[in-house]
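Fold and geometry: a report
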Amino acid sequence: MVHRAFTFRSGETGDRAIELWFIIAMGLSAAGYTLYLAGLQRHLVEPNRASWLIWSAATGIEAATYAAVNPNAPQSWIFGLSALACAVVTLVMWRRSRWRAPTPSETACMAAAFAAILLWVAFHETFWAHMLVVAAVPISFWPTWQSVWEDRARERSPAWGLWTLGDLATLLLATRTHGSGVGEYGYILVELLCHASVWFMVGLATINPVRSFGLRRGRFFILDAYRPAANLFAVGETHLGKAVYAAAGFAQGETVIRFSGRRVGADRVPALMQGTDDRFVQITADSFMGPSGRIDDLINHSCAPNTGLRFGDDGVILIALRDIAPGEEIAWDYSTTLSLPAWRMPCACGSAACRGTIGGFETLPIERQRWFLERDMVAPYLRDVTPDVRAA
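Here's the deal with unusual backbone geometry
- Backbone geometry at Asp-376 places phi at a positive 60°, although glycine is not the residue there.
- Counting through the fold element by element, Asp-376 comes out in the loop between helix H8 (366–374) and helix H9 (382–385).
- A residue is classified by how much of its surface remains accessible, and Asp-376, at 31% relative accessible area, is partly exposed.

Structure (structure tokens):
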């Protein structure tokens, strides 16, 4: 394989084209990461932590092996920028996330990345190390695909479109530098397809606000308007700390958000669930849903809530108890999931119905317990704890 040195010689048409595509690819990639970081800081996106943790390691390996397989290729600089930016995004997320055990698919991807390191360092098989990481890229996207499939608003960022267009510019750059073979094009094409798949799933309206692809009532449609309310929530500050506000209106009975933390045993829950530790939702007598690292962690308690939790086969869903106007704080009653007789927490929600203390479900007035039970807005195990409330 013949490789050209990475130099731009002014005055030559071919080199000017190479320089142009290099600048475009670098600019699109940098713009994508800048916008994504801004959205992350403002809680406009809810990225999958597992995918980004894998990408921060895999992109570094990939950038190094690509440069070794394709020395002096200008696109190596683009992959180096991506590796550095992935690490920065992961570090920002790490500060606002909690550790959790990896899933089987995440473990498989990390194993593939580790195998690539062994092939490269121990056996000096750079090409196969490079190809192994290329094969691991779609695996690393699997957690993000699952997350977006559940709720595409989690990744409503124009960054995915910019990365896709940046990959396309990188592909054109590779052709201009006379690239050939799977060793040079494999990673570019896989990245292009993976980024484009997420862009497609969240809606092409993230770049083009007029038209997009998607589903409506079970039917696929093309070139149809997409609802422009990309972000349904805003995070602000109250006297209690961070709070979640509706950026768009919700109708009574409408799903507001899905709670997505992992199940943990009661023995692993902090004894004092206050402040940043107040991120646990009791789901059975001896287990809790832990923090998700997403916006659902920031939703506060209110003794006069406008939402309630409903437990079903499709998970734990926050439902609007009444119409919610844009700009209104979203809150639910913590007592509707709790049954801890010894646990109490002072309440300062500020509502006219404030009880002064948050306790277990049994601390609510009987008529209030019945009100939540009739609307199926309590943890299912509480029905066994209070079997005679409906008849009271």
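More follows now that the structure is in view.
A few points about the environment of Ala-73
- Mapped onto the fold, Ala-73 is located in the loop between helix H2 (49–69) and helix H3 (75–95).
- Considered as a pair, Ala-73 and Ala-174 are 101 residues apart in the sequence and their alpha carbons are 7.9 Å apart.

A few points about the confidence of the model for the chain
- Averaged over every residue, the pLDDT of the chain is 76; residues scoring 70 or more account for 74%.
- Within the chain, strand S2 (residues 219–224) has the poorest average pLDDT of any element, 41, and strand S12 (residues 331–332) the best, 95.
- Scored below 50 in pLDDT, residues 1–11 makes 27 contacts in the model with residues more than four places away or belonging to other chains.

Notes on the pattern of salt bridges
- Within this structure, the stated rule accounts for 5 salt bridges.
- Among the salt bridges present, the one from Arg-355 reaches Asp-333, with a minimum N-O distance of 3.0 Å. Here Arg-355, found in the loop between strand S13 (345–346) and strand S14 (357–358), pairs with Asp-333, found in the loop between S12 and S13; they are 22 residues apart in sequence, far enough to count as distant.
- Look at Asp-333 and you get buried, because its relative accessible area is 1%.

Re a nonpolar patch on the surface
- A cluster of nonpolar side chains, namely Leu-165, Leu-168 and Leu-172, defines an oily patch on the protein surface of about 210 Å² accessible area.
- Inspection of the secondary structure assignment puts Leu-165 in helix H6 (residues 159–176).

So, how was this worked out
- Residues numbered from 1 in each chain as written.
- Predicted model: local features only at pLDDT ≥ 70, side-chain atom pairs only at ≥ 80, totals over all residues.
- Heavy atoms only, no water.
- Helix = DSSP H or I, 4+ residues; strand = E, 2+ residues; numbered from the N terminus.
- Buried < 20%, exposed > 50% of the residue type's maximum accessible area, 1.4 Å probe, protein only.
- pLDDT = per-residue confidence, 0-100.
- Contact = heavy atoms within 4.5 Å.
- Salt bridge = Lys/Arg side-chain N within 4 Å of Asp/Glu carboxyl O.
- Patch = residues over 30% accessible without salt bridge, like charges linked within 9 Å, V, L, I, M, F, W, Y side chains within 5 Å.
- Areas by Shrake-Rupley, 256 points an atom, 1.4 Å probe, with all protein chains shown as cover.

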